[in-house]
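Geometric and topological summary
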Amino acid sequence: ERLPFDHDHTTASSYYSPELRLMRDWPLDAPIAPADELAGIHADDRARVAAAVARARDPNGDGQMDVEYRVVRPDGAIRWLRARSHTTFDGDGATRHPVRTVGAVSDITTQREHEATLRLNTAAIEASLNGLAIGSMEGELVYVNPAFQRMWHLEHPREALGQIGRAHV
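Rules behind the numbers
Residues numbered from 1 in each chain as written. Predicted model: local features only at pLDDT ≥ 70, side-chain atom pairs only at ≥ 80, totals over all residues. Heavy atoms only, no water. Pairing = 2+ DSSP bridges. Helix = DSSP H or I, 4+ residues; strand = E, 2+ residues; numbered from the N terminus. Axes fitted to C-alpha atoms, helices over the stretch in contact; angles between N-to-C directions. Expected span 1.5 Å × (residues − 1). Contact = heavy atoms within 4.5 Å. Salt bridge = Lys/Arg side-chain N within 4 Å of Asp/Glu carboxyl O.

Topic: the sheet that holds strand β4 (residues 78-90)
- Pairing is antiparallel in the open sheet, where five strands are placed in the order β2-β1-β5-β4-β3. Taken across any chain shown, the strands that pair with only one partner, and hence form the sheet edges, are β2 (13-16) and β3 (64-72). Strand-to-strand, the axes of this sheet are offset by a mean angle of 20°, without reference to chain direction.
- In the sheet, strand β1 (residues 2-8) pairs with β2 via four bridges, with the strands oriented antiparallel. Pairing of Asp8 across the sheet is with Ser13, part of β2.

Written as C-alpha cells, this is what we have:
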C-alpha cells in the first residue's frame, strides 16, 4: 500500500495521508514539523534518510528519492518503510530551487521479513551436508547445493542445471 505525501516548498506546507499519519503515529489534524518527521526514524537510519531528502531537494540534482528505513513505533515495534518521491524545481542555474515534493511511503516490513527468512533458508541449504537438487515442473534441475555437487563430483552446478532426468537423483 502506497501512502502519499506532498510538500509545497513555496508555502512550507505539507500533506500526509491519514494512513501515513497513523502508521507514523502522528496526529490526524495537526501540522507535522520537519523535526517530527525524523523523530520516529530509527537512530541508525536518521542520517541516511536526512541525506536522501537533502539530495532529492538539491537544486543541482535530479529530484529523485528512494530510501528504505526503519521507524520505531511508540509500542517499540519496528517497521520497515520505503519512501519514494520526486521534487520539481523552478528557475535555472543559481536561481533553481525546489518547489514541490510529491511521493509515497510503503510499509515493506513483511517483504523484509520474507527476504530475511529466504536468506536464512538459503544459508541452511547451502551449508547442509545433505545433497539437495530442486527441479522445475518440467523435470529440469534448477538448483543444486554444494553437497549435491560434491556427491556427484561436479565442478560447477551448471553441469547439472537444465538436465532433464539425467542427473539420476
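Details of helix α3 (residues 46-57)
- When the terminal C-alpha atoms of α3 are compared, their 17 Å separation across 12 residues agrees well with the 16 Å that a helix rising 1.5 Å per residue should span.
- Packing partners of the buried residues in α3 comprise α2 (34-39), β3 and β4.

Observations concerning the pattern of salt bridges
- Applying the stated criterion across every chain yields a total of eight salt bridges.
- Across the pair Asp66 and Arg84 runs a salt bridge, and its minimum N-O distance is 3.5 Å. Note that Asp66 is positioned in strand β3 and Arg84 in strand β4, a separation of 18 residues in sequence.
- Arg112 serves as the salt-bridge partner of Glu68, at 2.7 Å between the closest nitrogen and oxygen. You can see Glu68 sitting in strand β3 and its partner Arg112 sitting in helix α4 (residues 109-127), a full 44 residues away along the chain.
- One network of salt bridges, with partners in common, ties together Asp66, Glu68, Arg82, Arg84 and Arg112.

All we've got here are geometric facts, nothing functional implied.
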